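# Examination of the molecular architecture
In case you want the letters, here they are:
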Amino acid sequence: MPENNVELIFDAISENESFARMAASAFITRLDPTLEEMSDVKTAVSEAVTNCIVHGYEGKEGKINMKLSLKDNEVTIVIHDDGVGIENIRKAMEPLYTTKPEMERSGMGFSFMEAFMDDLLVKSDRNKGTTVIMKKVIGAENI
C-alpha cells in the first residue's frame, strides 16, 4: 500500500476540535480499524487539538496544522500550533498537571494521548509553538 498524506489547517476554535476528530477517523477508515482503534485515534486528536486551543493560543486567534500520514498499517498524526509553547515538557506531561486549574482542566491530555497511541513525542519552544507527533498501528492484532 503506498504512503498517503493529508495536511489540514484550521482555526484554533473549539468547534474545529470535532472536525479534526472526524477528519482523522475518516483518514484511517481504509485500514478497517476496530471501534476501539477509531475511538483511540479520535480521543488523542481531540486532546491534542484542545491543548492547542486552550494552552497554545490561550483562547486567542491562531491556526492549527494537522498532518496525517498512512504507511502500511501505521498512522502518524502531527498536530502543531504557533502558540506560547511549553516551558517544561516533562512537567506538562505528568498526569494531573495543569497550568489552567481555574478552567477546571484535568491535566490528563498528554496521559490520554500516551495511553491511546503507540508512540507520542512532544516538541516545543517558548513563543514558537508546540508540535505533537503521535503514531498508532491499526490492526496490530491481525499481524
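Refer to the structure printed above.
For the structure given in this document, a descriptive report is provided here.

Rules behind the numbers
Residues numbered from 1 in each chain as written. Predicted model: local features only at pLDDT ≥ 70, side-chain atom pairs only at ≥ 80, totals over all residues. Heavy atoms only, no water. Helix = DSSP H or I, 4+ residues; strand = E, 2+ residues; numbered from the N terminus. Buried < 20%, exposed > 50% of the residue type's maximum accessible area, 1.4 Å probe, protein only. Contact = heavy atoms within 4.5 Å. Areas by Shrake-Rupley, 256 points an atom, 1.4 Å probe, with all protein chains shown as cover. Pairing = 2+ DSSP bridges. Axes fitted to C-alpha atoms, helices over the stretch in contact; angles between N-to-C directions. Phe/Tyr/Trp six-rings, centres within 6.5 Å; stacked < 30°, edge-to-face > 60°. Expected span 1.5 Å × (residues − 1). Salt bridge = Lys/Arg side-chain N within 4 Å of Asp/Glu carboxyl O.

## Overview of the overall build of the chain
Summing up its helical and strand segments, the chain has 4 helices and 5 strands in all. Secondary structure elements in the chain, listed N-terminal to C-terminal, are β-α-α-β-β-α-α-β-β. When the 143 residues of the chain are sorted by exposure, 46% land in the buried category. Pairs at least 24 apart in sequence give 66% of the contacts found in the chain among residues at least 6 apart. Accessible area of the chain: about 8,000 Å², with a carbon and sulfur share of 50%.

## Focus: the sheet that holds strand β2 (residues 63–71)
Across the sheet, 5 strands lie side by side as β1-β2-β3-β5-β4; this open sheet has antiparallel pairing. The sheet terminates laterally at β1 (4–11) and β4 (119–125), the two strands that pair on one side only. Direction aside, the axes of adjacent strands within the sheet are offset by 10° on average. When β1 meets β2, the two strands line up antiparallel, connected through 8 bridges. Bridge pairing links I9 to N65 in β2.

## Focus on the environment of V78
Residue position: V78 is located in strand β3 (residues 74–81). As a C-alpha pair, V78 and M66 span 12 residues in sequence and 5.6 Å in three-dimensional space. Those residues in contact with V78 that lie beyond four places of it in its chain are N65, M66, K67, T131, V132 and I133.

## Some details on the packing of aromatic side chains
Counted according to the given criterion, the structure contains 1 aromatic pair. Summarising the aromatic geometry, the rings of F10 and F19 are spaced 5.9 Å apart at their centres and angled 75° between planes, so their arrangement reads as edge-to-face. Residue F10 is classed as buried on the basis of its relative accessible area, which comes to 6%. By relative accessible area, which is 40% here, F19 ends up partly exposed.

## Re helix α2 (residues 35–56)
The terminal C-alpha atoms of α2 lie 30 Å apart, and with 22 residues this matches the ideal 32 Å at 1.5 Å per residue to within 8%. Here α2 lies mainly inside the structure; 16 of its 22 residues are buried. Remark: E58 follows α2 within two positions and exhibits a positive phi of approximately 50°.

## Here we look at the pattern of salt bridges
Under the definition given, this model contains 3 salt bridges. A salt bridge links R21 to E17; the nearest nitrogen and oxygen atoms lie 4.0 Å apart. One end of the pair, R21, and the other, E17, are both in helix α1 (residues 15–28), 4 residues apart, so they sit about a helical turn from each other. Accessibility expressed as a relative area gives 18% for E17, which makes it buried.

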